[in-house]
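Residue strings, one per chain:
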Amino acid sequence: MRILKICGIVALTVLIGCANSEAPNLAKPSPPATTGETAAPTVPSPHFTTQLETPGPAITGVSKVKLINDLNYTGKEISLNLGGRQVPATFVEINLHPYGFYIPENMQEFVFEDGSEVGLNRAEFIGLSEVERLVNPDNLHESLRFGGDTLFYDEELQQFEEYIGSSKDGDEGPRVDGFLLKHGGTPDMLIYFRYFNKNKESVLPIFLEVTKNIKYIEP
Amino acid sequence: MAAGHNNVAAVGTSASNAKYGTSYLASYSQGTSHAQVAVLKANLRQYRSITPSYLWTSTTSLEGNTSNSFDAATKANLIVFQNNTGLTADGIYGAGSRNAMHASIGVSPKGWVRIFKSTPGYVNYNDTAEGLSADATYKLDHSWCTSACRDTLYSLGYSFYSYYNKLIQVNDACLLDGADTPEHSTHQTGTEVDIRNAGLTTAQATKFLEICIANANVKRVIYYTTHGLTSNKILVQSDHGDHFHVDTFS
Ligand SMILES: [Zn+2]
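Every value quoted in this text rests on a predicted model; they were computed, and no experiment measured them. (Residues numbered from 1 in each chain as written. Chains lettered and ligands numbered in written order. Predicted model: local features only at pLDDT ≥ 70, side-chain atom pairs only at ≥ 80, totals over all residues. Heavy atoms only, no water.)

**What about the overall build of chain B?**
Alright, step 1. Check the secondary structure of chain B and you find seven helices and eight strands.
Alright, step 2. Radius of gyration (C-alpha) of chain B: 19 Å, near the 18 Å computed for a compact globule of 250 residues.
Alright, step 3. Counting over 250 residues, chain B shows a buried share of 56%.
Alright, step 4. In chain B, of all internal contacts separated by at least 6 residues, the share reaching a separation of at least 24 is 64%.
Alright, step 5. Split by element, the accessible area of chain B, about 9,500 Å² in all, is 53% carbon and sulfur.
Alright, step 6. Separation of charge centres in chain B, based on 17 positive and 18 negative side chains, amounts to 4 Å. (Helix = DSSP H or I, 4+ residues; strand = E, 2+ residues; numbered from the N terminus. Rg over C-alpha atoms; globule rule 2.2 N^0.38 Å. Buried < 20%, exposed > 50% of the residue type's maximum accessible area, 1.4 Å probe, protein only. Contact = heavy atoms within 4.5 Å. Areas by Shrake-Rupley, 256 points an atom, 1.4 Å probe, with all protein chains shown as cover. Lys, Arg positive; Asp, Glu negative; His and termini not counted. Charge placed at Lys NZ, Arg CZ, Asp CG, Glu CD.)

So, in structure tokens, the structure goes:
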């Protein structure tokens, strides 16, 4: 009930394993935004899946792409492609997990006693959780019932290999989209988006772009 | 739209309403008209049906009274409820009454239980006047966890009490429906509870850590120091200066 600090994005100065982090990494612009409408994000070498290893309605023969391709941290700042515009984003590390996100100016870090989140506000954010700490580690989709009522699959997100499903509380209310991040030798992570379903059009593209650029930070 | 309440009449603030997309009031009293008042009346009818009838003699029945308006009968029934549950009997339904209603008839869709108001092993800080006022921003009830977790709390507290004649203060666990809470990053699985360290000496805090480490259902304790103990169950985090965050296995 206390111990909530909203940290400005500039507050994060401790970066591990990065000697030359001051120079913005402009040499590596992001690929165009994947808003989903086009269903084919232009990421380098799309990874095709023929096996039905993801849960959800079986769609045989449909190729899926990886949302997250490169977890290597390269510098404190990059630019993100948001709505076709390149916007600067600053790296923030997530408390208690060896990961971090590049977040644009309209997002901030929310620090809690037991971890942190990055978001547009307290109701619309990206969170991380170790899979083994979930209520149902064996049923990830069920684990997304963070109070949300209905489990479903979002067609737009089905293109991503990491997508494990969504939950929502009515058409206007809060929804959660889940993604499974596997990173060899480290605990499997659930990345989840929590936002209002009515705001999907504006929020989802931002969260996808931010998540696409998640980085691993050696603990 | 449960948002931490499920079957029990919900209270909220602008901050919690923004979080869940709800429009709950911080309190309801005679004259209020709100959909949650109809829920409150249903709660009071249910509570009345499971408590001795002599408590309710001369109290107008709420049978068939299903409107959204908080009338004199609602107030009279609420006052009986408040007297019965050790609350100030002011006839106003706020976070304290909501907590007591949760404890009386609340149903967790997750199958969790509510941490007791007080036991020989601990007190629930959320149900104290101080705890309620500290929760003013969101007015949510973070008192829910799995029954194994609640048993573990009792066992930790009872063991601690046997050394120091002092009850531990249990603070936030989870919301009854496991909803994402604006006050914690985790606290959604029914196996995460905060224990306050207010008033504990170093020796007492060390003993509490020892008791946690020795408990088979304690998975991890996050605290600002190990107090010299060696255990991979203790995770040191500098911002945990005022409480122990305890994770249980089940
Ligand atoms: Zn905690």
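**Observations regarding the nonpolar core**
Alright, step 1. Counting residues in hydrophobic clusters, the biggest one holds 39 residues, and the most contacted among them are A:Phe101, A:Ile126, A:Phe179, A:Ile191, A:Phe193 and A:Ile214.
Alright, step 2. Among the secondary structure elements, those contributing two or more residues to this core are strand 2 (77–82), strand 3 (85–93), strand 4 (99–104), strand 7 (124–130), strand 10 (174–181), strand 11 (189–196) and helix 2 (200–212) of chain A.
Alright, step 3. For this core, the leading source of residues is helix 2 of chain A, giving six residues.
Alright, step 4. Beyond its immediate stretch of four places on either side in the chain, A:Phe101 contacts A:Thr90, A:Phe91, A:Val92, A:Ile94, A:Val118, A:Ile126, A:Leu128, A:Val210, A:Thr211 and A:Ile214.
Alright, step 5. Core analysis: the second largest hydrophobic core is formed by 28 residues, B:Val8, B:Tyr28, B:Leu44 and B:Tyr47 among them. (Core = buried A, V, L, I, M, F, W, Y, C linked by side-chain atoms within 4.5 Å.)

**Quick word on helix 3 (residues 72–84) of chain B**
Alright, step 1. Here helix 3 of chain B contains 13 residues, and its C-alpha end-to-end distance of 19 Å stays within 8% of the 18 Å for a straight helix at 1.5 Å per residue.
Alright, step 2. In this structure, the buried residues of helix 3 of chain B make contact with helix 2 (35–49) and helix 4 (95–105) of chain B. (Expected span 1.5 Å × (residues − 1).)

**Focus: the interface of chain B and chain A**
Alright, step 1. Each partner contributes to the interface: chain B provides 39 residues, whereas chain A provides 28 residues.
Alright, step 2. Carbon and sulfur atoms supply 47% of the area that chain B and chain A bury against each other, a total of about 2,700 Å² over both sides.
Alright, step 3. Our count for the contact surface shared by chain B and chain A stands at one salt bridge.
Alright, step 4. A salt bridge links A:Arg133 to B:Asp247; its shortest N-O distance comes to 2.6 Å.
Alright, step 5. Across the contact surface, chain B and chain A share twelve residue pairs in polar contact (both at pLDDT 80 or more).
Alright, step 6. Contributing elements (two or more residues each) for the side of chain B that touches chain A: helix 1 (14–20), helix 5 (129–134), strand 6 (218–223) and strand 8 (243–248) of chain B. (Buried area = accessible area lost by both parts, 1.4 Å probe. Salt bridge = Lys/Arg side-chain N within 4 Å of Asp/Glu carboxyl O. Polar contact = N/O pair within 3.5 Å; in protein donor to acceptor, adjacent residues only side chain to side chain.)

**A look at the state of the cysteines**
Residues and elements named next belong to chain B.
Alright, step 1. The tally for this structure, following the rule as stated, stands at zero disulfides over all chains.
Alright, step 2. Counting only cysteine sulfurs, Cys 145 is the nearest neighbor of Cys 174, a cysteine outside any disulfide, at a range of 7.4 Å.
Alright, step 3. For Cys 174, a relative accessible area of 0% translates into the label buried. (Disulfide = S-S within 2.5 Å.)

**Quick look at the coordination of the zinc ion**
Alright, step 1. Ligation of the zinc ion by protein atoms is provided by A:Glu113 (OE), A:Glu113 (OE), B:His187 (NE2), B:Asp194 (OD) and B:His245 (ND1), these donors lying 2.0 to 2.4 Å from the ion.
Alright, step 2. A relative accessible area of 0% means that B:His187 is categorised as buried.
Alright, step 3. Owing to a relative accessible area of 0%, B:Asp194 belongs among the buried residues under this scheme. (Donors = N, O, S within 2.8 Å, 3.2 Å for Na, K, Ca; no water.)

**Details of the confidence of the model for chain B**
Alright, step 1. Per-chain confidence: chain B averages 95 in pLDDT, with 99% of residues scoring 70 or above.
Alright, step 2. This complex was scored by the predictor with a pTM of 0.84 and an ipTM of 0.87. (pLDDT = per-residue confidence, 0-100.)

**Let's talk about the packing of helix 2 of chain B against helix 4 of chain B**
Residues and elements named next belong to chain B.
Alright, step 1. Interhelical geometry of helix 2 versus helix 4 gives an angle of 45° and a closest axis separation of 11 Å. If you check the angle between helix 2 and helix 4, you find them oblique. Regarding helix 2 and helix 4, the two cross each other, and that crossing is left-handed. Side by side, helix 2 and helix 4 meet where Leu 40, Asn 43, Leu 44, Gln 46 and Tyr 47 of the first sit next to Met 101, Ser 104 and Ile 105 of the second.
Alright, step 2. Looking at the contact of helix 2 with helix 4, its residues break down into five nonpolar, three polar and no charged. (Axes fitted to C-alpha atoms, helices over the stretch in contact; angles between N-to-C directions. Parallel < 35°, antiparallel > 145°, perpendicular 65-115°, else oblique. Left-handed = near helix turned anticlockwise from the far one by under 90°. Nonpolar A, V, L, I, M, F, W, Y, C, P; charged D, E, K, R; others polar.)

**Digging into the pairing of strand 3 of chain A**
Residue and element names in this part refer to chain A.
Alright, step 1. In the sheet, strand 2 pairs with strand 3 via six bridges, with the strands oriented antiparallel. Each bridged residue has a counterpart across the sheet, and for Ile 78 the counterpart in strand 3 is Ala 89.
Alright, step 2. Examined bridge by bridge, strand 3 and strand 4 share five bridges and lie antiparallel to one another. Across the sheet, residue Thr 90 finds its bridge partner in strand 4, namely Ile 103.
Alright, step 3. The turn linking strand 3 back onto strand 4 is made up of five residues, and Leu 96 within it adopts a positive phi angle of 75°. (Pairing = 2+ DSSP bridges.)

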